[in-house]
There are 2 protein chains.
Amino acid sequence: MTDVTMPAIILVEPQMGENIGAAARAMLNFGLTDLRLVAPRDGWPNDRAIAMASRADIVLENTRVFGCTEDAIADLNHVYATTARPRDVIKKISTPRAAAAELRAPANKSAATGILFGKESVGLSREDVALADSIISVPLNPDFSSINLAQAVLLVGYEWFQAADDTPPVQVHNEERPANKAELSHLFDRIERELDARGYFEPILQRKHVILQNMRNMFQRLGLMESDVRAFQGIIKGLTMKVKNKTNDNDQP
Amino acid sequence: MTDVTMPAIILVEPQMGENIGAAARAMLNFGLTDLRLVAPRDGWPNDRAIAMASRADIVLENTRVFGCTEDAIADLNHVYATTARPRDVIKKISTPRAAAAELRAPANKSAATGILFGKESVGLSREDVALADSIISVPLNPDFSSINLAQAVLLVGYEWFQAADDTPPVQVHNEERPANKAELSHLFDRIERELDARGYFEPILQRKHVILQNMRNMFQRLGLMESDVRAFQGIIKGLTMKVKNKTNDNDQP
C-alpha cells in the first residue's frame, strides 16, 4: 500500500480469546499485523483466539505479550486511546477517520504509532488513557453505544485502510462504452416506426408528438450503454414477432 | 438524527443465528432498525440470534421474514448488493462511504432503500445481485478479504451514520418518484412473457437465462422513475399490437 509505518494494535487486558482472534482477523482485513497484548486474562497462546482468527493466525504468531501498558508502548512515538466516553481528561479527541488521516500524514511517516483498546467489560482505565497522546472515539448511536472489542478494532483498521486507499469511491464496472447519438436515434426511430405500423398512435394522434418527445427524452436520460441499445433492439425484435400458436408452443421440448 | 429514510438491512439466507444477532447489534449501533430476513436457514425466531443481540433485541422483534429476495425488496426504490467480487455485471460499484453519501442525498430523501447481504458461506447469488441497482464493495486487504456478515453490516451502518453530518440542507426539486421493485418486476415479467409468447428464445434456449438476467440487470441499472415504467408499458403495448395493413394506414388522414 504505502510506506507509512502501520500502527500497532494494543489490546489491554483482553478477556476472551475469541475477541483476540476476531481482532486479529479484523486487523489483517486492513493490512495491520502488529498486535500487542497486555496481560491477557487467559494467558498466551490461546486456542480460542487461534480458532477464531482462522487464516489470520499469522497475526497471532507474531503477537507480542507485555506485562503492562507502559512496556507495550515503550517504542512508540504517538499513542491513541480508544474510548467511548472521554472523561475529564484534556486530550485531543478524534474520530477514527480523523485519526487515520493523522496516522497517514507525512509528518508521521517515520513515527511509530499505536492504538490502545481496553478490556471488554470496562474499557481502558484512567491510567491507560493517561498514557496516550490523544483519544479516538467512535461515533455511535448514543442510545446503543456498546460495541464489541473486535468491532472497534475493525472500524479503526477500516479507516486506516481507507485513508490510503486510492480506490475511486464510485466506479462503473465496465469495459463498455456509452451509446452514441446515432445509435440512440436509430433505436428510437425503430420504436417510432414499429409503433406507427401498429396504429398505436391512432387513438391519441393529437398527443403523438408530445408522447414521442417524452419517450425520446427518457431514452436520452437513461444513459444507455452501447450494449443496452443492442439489448433493446433484441427486445423490440422479439416483441414485434408474431405470437405463436399454443399448439406450436407445446411442440417444444 | 435526520429525517432521511433509513435503509433496510436485508440478510439473504443467513445461516447462523449468532450472525443475525450480531448484525442486529451492529445495526442499532448506528441507528438502523429495519431488518429483513430472506429464508433464514434455521427458521425464525431464533434463540441464538436473540442471545447474541443482547439489548438490540428490539431490532429482532421488528424483523420481517420473507420467502424470497424479490418479496423482501418489493417496496423499495433503490437496492444495493454488497459483494466482494463484482462479476461480469454492469452495475455501479460504490464504497460503503460513497453509497452512504448517496443514501443521504436529498434526491433520495423520500426513496425507500435497502442493502442486501448474502449468506455467510458464499455471499449473494448472481440472481440476487441482478435484483440490485448497484453494488457496495468494501475496500479490503486483497490478501485477506473475507469478512464476517455482521462486520459487513457494521461497516455499512457506520458509514451511513457518519454520512449524516454531511447531509446538505438543500433539497432537490423532484415531484417524481423512483419506480419501486414491484413495478420493475411487473414490467420485466411482462417483457419476458411477451417474448416467450413469440418464441423469441427458441433459437437461443440455452442462453435464455443469461439473456434475461442481463436484461434485468440493465433495467435495474437504468434508474427508472415510476413514469418511465409507465412509458415502457405503453411501448410494450404498442409493439405487441398486430401490424395494420398498408391499405388501412392509407385510409388515415
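Residues numbered from 1 in each chain as written. Chains lettered and ligands numbered in written order. Predicted model: local features only at pLDDT ≥ 70, side-chain atom pairs only at ≥ 80, totals over all residues. Heavy atoms only, no water.

**Q** What's the story with the overall build of chain A in this structure? I'm lost.
**A** The helix and strand inventory of chain A stands at 11 helices and eight strands. Burial status across chain A gives 48% buried among its 253 residues. A separation threshold of at least 6 residues defines the contact pool for chain A, and within that pool the share at least 24 residues apart is 84%. Accessible surface, chain A: about 12,600 Å² in total, of which carbon and sulfur atoms supply 51%. (Helix = DSSP H or I, 4+ residues; strand = E, 2+ residues; numbered from the N terminus. Buried < 20%, exposed > 50% of the residue type's maximum accessible area, 1.4 Å probe, protein only. Contact = heavy atoms within 4.5 Å. Areas by Shrake-Rupley, 256 points an atom, 1.4 Å probe, with all protein chains shown as cover.)

**Q** Just to check I follow, could you spell out the pattern of salt bridges for this structure?
**A** Charged atoms that come close allow side chains of opposite charge to pair. One pass over the structure, following the stated rule, counts 32 salt bridges over all chains. In this structure, A:Lys208 and A:Asp196 form a salt bridge, with 3.0 Å as the shortest nitrogen-oxygen distance. Taken together, the residues span a long stretch of sequence, with A:Lys208 in helix H9 (residues 208-221) and A:Asp196 in helix H8 (residues 181-197) at a distance of 12 residues. When the shortest N-O distance is used, the salt bridge between A:Lys244 and B:Glu202 registers 2.9 Å. (Salt bridge = Lys/Arg side-chain N within 4 Å of Asp/Glu carboxyl O.)

**Q** Which parts of the structure should I look at to understand the nonpolar core?
**A** Taken as a class, soluble globular proteins show a tendency for nonpolar side chains to be buried jointly. In this structure, A:Leu11, A:Leu35, B:Leu11 and B:Leu35 are the most contacted members of the largest nonpolar core, which totals 70 residues. In contact with B:Leu11, not counting residues within four places along its chain, are B:Ile20, B:Ala23, B:Leu35, B:Arg36, B:Leu37, B:Val38, B:Phe117, B:Leu149 and B:Val153. (Core = buried A, V, L, I, M, F, W, Y, C linked by side-chain atoms within 4.5 Å.)

**Q** In this structure, what is going on with the interface of chain A and chain B? I would like to understand it.
**A** Quoted interface sizes are often the accessible area lost when the parts come together. Facing 68 residues of chain A, the contacting portion of chain B comprises 69 residues. Of the roughly 6,100 Å² buried between chain A and chain B on both sides combined, carbon and sulfur atoms contribute 62%. There are five salt bridges connecting chain A and chain B. One salt bridge in this structure joins A:Asp228 and B:Arg221, with 2.7 Å as the shortest N-O distance. On inspection of chain A and its partner chain B, the count reaches 26 residue pairs in polar contact (both at pLDDT 80 or more). Of all the secondary-structure elements, those providing two or more residues to the side of chain A that touches chain B are helix H1 (17-29), helix H5 (96-104), helix H7 (149-164), strand S8 (170-172), H8, H9 and helix H10 (226-239) of chain A. A total of nine residues in the side of chain A that touches chain B trace back to one element, the largest contributor, which is H10(A). In terms of residue class, the side of chain A that touches chain B is made up of 36 nonpolar, 17 polar and 15 charged. (Buried area = accessible area lost by both parts, 1.4 Å probe. Polar contact = N/O pair within 3.5 Å; in protein donor to acceptor, adjacent residues only side chain to side chain. Nonpolar A, V, L, I, M, F, W, Y, C, P; charged D, E, K, R; others polar.)

**Q** I tried to follow the sheet that holds strand S4 (residues 78-82) of chain A on my own but got confused; where do I start?
**A** The strands making up a sheet associate through backbone hydrogen bonding, with each pair oriented either parallel or antiparallel. All names here are of chain A. Ordered by their spatial adjacency, seven strands build an open sheet running S3-S2-S1-S6-S4-S7-S5, and the pairing between neighbours is parallel. Each of the sheet's edge strands pairs with one partner strand only, and the pair in question is strand S3 (64-66) and strand S5 (92-94). Going across the sheet, the axis of each strand differs from the next one's by a mean of 25°, ignoring polarity. Pairing analysis gives three bridges linking strand S2 (residues 35-38) to S3, with the strands arranged parallel. Among the inter-strand pairings, Leu37 is bridged to a residue of S3, identified as Val65. The strands that H7 touches are strand S1 (8-12), S4, strand S6 (113-117) and strand S7 (134-136); relative to S6, the one it contacts most, it runs at about 150°. (Pairing = 2+ DSSP bridges. Axes fitted to C-alpha atoms, helices over the stretch in contact; angles between N-to-C directions.)

**Q** Explain the environment of B:Leu239 to me, please; I cannot follow it from the model alone.
**A** In this structure, B:Leu239 sits in helix H10 (residues 226-239). Not counting chain neighbours up to four residues away, the residues in contact with B:Leu239 comprise A:Ile191, A:Glu194, A:Leu195, A:Arg198, A:Ile236, A:Leu239 and A:Thr240.

**Q** What should I look at first to understand the packing of helix H8 (residues 181-197) of chain B against H10(B) in this one?
**A** The description of two packed helices rests on the angle between their axes and on the distance between the axes. All names here are of chain B. Running from N to C, H8 and H10 point in directions that differ by 15°, and their axes come no closer than 10 Å. Classified by the angle between their axes, H8 and H10 sit roughly parallel to one another. Regarding H8 and H10, the two cross each other, and that crossing is left-handed. On H10, the residues touching Glu183, Leu184, His186, Leu187, Arg190, Ile191 and Glu194 of H8 are Glu226, Val229, Phe232, Gln233, Ile236 and Lys237. (Parallel < 35°, antiparallel > 145°, perpendicular 65-115°, else oblique. Left-handed = near helix turned anticlockwise from the far one by under 90°.)

**Q** Explain the side chain of A:Arg198 to me, please; I cannot follow it from the model alone.
**A** Examined against the element boundaries, A:Arg198 turns out to sit in the loop between H8 and H9. Taking relative accessible area as the criterion, A:Arg198 reaches 4% and is therefore assigned buried. Side-chain polar atoms of A:Arg198 contact the side chain of A:Glu194, separated by 2.8 Å. At a separation of 2.9 Å, a polar atom in the side chain of A:Arg198 contacts the main-chain carbonyl oxygen of B:Met241.

**Q** How should the pairing of strand S1 (residues 8-12) of chain B be read in this particular structure?
**A** Residues and elements named next belong to chain B. For S1, the buried fraction is high: five of the five residues fall into the buried class. Of the two faces of S1, the one carrying Ala8, Ile10 and Val12 and the one carrying Ile9 and Leu11 are both buried. Where S1 lies against strand S6 (residues 113-117), four bridges are found, and the strand directions are parallel. In the sheet register, Ile10 faces S6, and the bridge partner there is Leu116. Alignment of S1 against strand S2 (residues 35-38), held across four bridges, turns out to be parallel. Residue pairing in the sheet places Val12 in a bridge with Val38 of S2.

**Q** Teacher, can you tell me more about the packing of H10(A) against helix H9 (residues 208-221) of chain B here?
**A** Between H10(A) and H9(B), the least distance of the axes is 11 Å, while the angle of their chain directions is 120°. In terms of orientation, H10(A) lies oblique with respect to H9(B). For H10(A) against H9(B), the interelement crossing comes out left-handed. Of the residues in H9(B), those touching H10(A) at A:Asp228, A:Ala231, A:Phe232 and A:Ile235 are B:Met215, B:Met218, B:Phe219 and B:Arg221. Split into classes, the residues belonging to the contact of H10(A) with H9(B) amount to six nonpolar, no polar and two charged.

**Q** Would you explain unusual backbone geometry in this entry?
**A** All names here are of chain A. Here the bond from Trp44 into Pro45 is cis, since omega is 0°, no more than 30 degrees from zero. Mapped onto the elements, Pro45 comes out in the loop between S2 and helix H2 (47-53). Notably, Glu13 is not glycine yet its phi reads approximately 50°, a positive angle. On the basis of relative accessibility, which here comes to 35%, the residue Glu13 falls in the partly exposed class.

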